[in-house]
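Reading the structure
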Amino acid sequence: MIHQPNEQQRAGRVRWKRQPTPYERFMEEEGIPVVRGIGLNDVRELPLSPWTRLGGRGSYIQLDGTEGVWGMYVVEIPPRSELRPERHVYEEVYFVVEGRGSTEVWKESASRRQVFEWQAGSLFSVPVNCWHRLVNAGSSPVLVLAATGAPALMNIVNSTRFIFDNPFDFTDRYDDSLGYFTPKTELEPHPLSERAILRSNMIPDIVNCELPVDNHRSPGYKWFEPFMAGNHFFGGGGQQLPFIAEHQTGRYSKAHAHASGAVLVCLKGKGYTCTWPTELGTRPWEAGKGHLVKRQDYVPGGMVTAAPGGGNWFHQHFGVGKEAFRVLAIAGGYWWVKGKPGDDIVSNNADLEEGGRSIPYAQEDPRVRAEFKRALAEAGVEFRMPE
Ligand SMILES: [Fe+2]
């Protein structure tokens, strides 16, 4: 029976517990762990559980700031076994953390399967709603990290049958042509930013491949964006693609801010990220708010969310390894879009006085550089920032 208030009262209550979204309920029902937080040191350290639907052992990863938009999971495929085939109308990008194996891809109606091989360091994407199966024919375990657009889509349609049992054929994404998964190496300029992109549905080794110099985030910074499998959620249409970037050893990025959604996965070197709400200003330690700055350390296989909460946290990435610090950054493509078509876009990498969202080195909190120097000294790495 509903509560009928008198004139001084409100009906019902004003406080309750947040309920799980359709995607969160789906993750719970999968019966594997769900890891949350601002990041993690190394996916190899995660507890994994047997995964009935997909096979192998897995864990979901839902970092602070990606909720409702995109999600990740890690899955281990034991030696001489394979995952169960699946298809889904959300997009998926895979990064191989350990081991080697192959992927079979086929359309519902196809008489043959395309097969391509991968190894630790490979990045690939299976075209949306194609059947696919990951196989480990070798004698050591495989560990794969996958990123998907499942949360956004599931939360809208709220039907796992629509997601996993849908006959729609995305002919514009996949035509079963031979060579679809043959790695391409030719970089081309992004149609809008003119920075480097690579159209390739499979990249054999993003940990060690050559990267072009870009200079956007630090001196000598290298960078390119892979455009894979016609993905629309992970970029496409001139929006934010995943990217692969590298800071030279002994150097660090400018602090910058943008909406939540991006996650950096460490590929090489090791490092840490500091992040703080923009309302603390450009010099949080000097303002006595240093205790509100969050820090995540990570090694290859570890990760950090770029902006927790609703976003617009400054964040700053520091490589402290002897090797250059290389990361894979992933975000759902349309997470930051504001305004209307034709509006001017200023890169987050532009400095504050250029209308961008980056704090120039000269204006940052002195504690930032001091802390970085201390971490480098501890690791025995030379400080190589220009004055
Ligand atoms: Fe960022």
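Because the structure is predicted, anything quoted here is derived from the model rather than measured. (Residues numbered from 1 in each chain as written. Predicted model: local features only at pLDDT ≥ 70, side-chain atom pairs only at ≥ 80, totals over all residues. Heavy atoms only, no water.)

Description of the overall build of the chain
Counting secondary structure elements, the chain contains four helices and 24 strands. The C-alpha radius of gyration of the chain comes to 22 Å, within 12% of the 21 Å expected for a compact globule of 387 residues. Dimensions of the chain along its principal axes, counting C-alpha atoms only, are 70 × 65 × 45 Å. Considering the chain as a whole, with its 387 residues, one finds that 54% of them fall into the buried category. Expressed as a percentage of contacts within the chain between residues at least 6 apart in sequence, the contacts between residues at least 24 apart total 73%. (Helix = DSSP H or I, 4+ residues; strand = E, 2+ residues; numbered from the N terminus. Rg over C-alpha atoms; globule rule 2.2 N^0.38 Å. Buried < 20%, exposed > 50% of the residue type's maximum accessible area, 1.4 Å probe, protein only. Contact = heavy atoms within 4.5 Å.)

Details of the sheet that holds strand 21 (residues 294–298)
The strands making up a sheet associate through hydrogen bonds between their backbones, and the pairing can be parallel or antiparallel. Within the open sheet, the four strands sit side by side as 18-23-20-21. Their pairing is antiparallel. Each end of this open sheet is capped by a strand with a single partner; those strands are strand 18 (256–259) and strand 21. The average angle at which neighbouring strand axes cross in this sheet is 30°, direction not considered. Bridge analysis of strand 18 against strand 23 (residues 311–319) gives four bridges, and the strand direction is antiparallel. Bridge pairing in strand 23 places Ala-257 opposite Phe-314. On the sheet, helix 4 (residues 366–379) packs against strand 20 (271–277), strand 21 and strand 23 and is oriented at approximately 35° with respect to strand 23. (Pairing = 2+ DSSP bridges. Axes fitted to C-alpha atoms, helices over the stretch in contact; angles between N-to-C directions.)

Quick word on the pattern of salt bridges
Per the counting criterion, the structure on display carries 25 salt bridges. Among the ionic pairs, Arg-44 bridges to Asp-42, the shortest N-O distance being 2.9 Å. Under the relative-accessibility criterion, Arg-44 is labelled partly exposed at 35%. On the basis of relative accessible area, Asp-42 is assigned to the buried category, the value being 11%. Linking Glu-108 and Arg-87 is a salt bridge whose minimum nitrogen-to-oxygen distance equals 3.4 Å. (Salt bridge = Lys/Arg side-chain N within 4 Å of Asp/Glu carboxyl O.)

Focus: the packing of helix 1 (residues 22–30) against helix 2 (residues 150–157)
Axes are the key here: two packed helices are described by the angle between their axes and the distance separating the axes. Where helix 1 meets helix 2, the axes come as close as 7 Å, and the angle between the chain directions of the two elements is 110°. By the angle between their axes, helix 1 is roughly perpendicular relative to helix 2. Packed against helix 1, whose contacting residues are Pro-22, Tyr-23 and Phe-26, the element helix 2 presents Ala-150, Pro-151, Met-154 and Asn-155 at the interface. For the contact of helix 1 with helix 2, the class distribution of residues is six nonpolar, one polar and no charged. (Parallel < 35°, antiparallel > 145°, perpendicular 65-115°, else oblique. Nonpolar A, V, L, I, M, F, W, Y, C, P; charged D, E, K, R; others polar.)

Remarks on the coordination of the iron ion
Within the protein, the iron ion binds to His-256 (NE2), His-258 (NE2) and His-315 (NE2); these donor distances fall in the range 2.1 to 2.2 Å. For the iron ion, the donor residues sit on a single chain with the sequence spacing H-x1-H-x56-H. Highlighted residues: His-258 in strand 18 and His-315 in strand 23, separated in sequence by 57 residues. For His-258, a relative accessible area of 7% corresponds to the buried category. (Donors = N, O, S within 2.8 Å, 3.2 Å for Na, K, Ca; no water.)

Description of the domain arrangement of the chain
Think of interface size as the accessible area that goes away when the parts come together; that is how it is often given. Along its sequence, the chain is carved into domain 1 (22–164) and domain 2 (187–335 + 345–379). Look at where the C-alpha atoms of domain 1 and domain 2 centre, and you get two points 24 Å apart. Counting from both sides, the interface comprises 36 residues of domain 1 and, opposite them, 41 residues of domain 2. Across the domain 1/domain 2 interface, buried area totals approximately 2,800 Å², and carbon plus sulfur atoms make up 67% of it. The largest contributions to the domain 1 side of the interface with domain 2 come from Ile-38, Glu-91 and Leu-123, which together make up 26% of the buried area. The interface formed by domain 1 and domain 2 holds zero salt bridges in total. Inspection of the region where domain 1 meets domain 2 yields 17 residue pairs in polar contact (both at pLDDT 80 or more). (Domains from an automatic or database assignment. Buried area = accessible area lost by both parts, 1.4 Å probe. Polar contact = N/O pair within 3.5 Å; in protein donor to acceptor, adjacent residues only side chain to side chain.)

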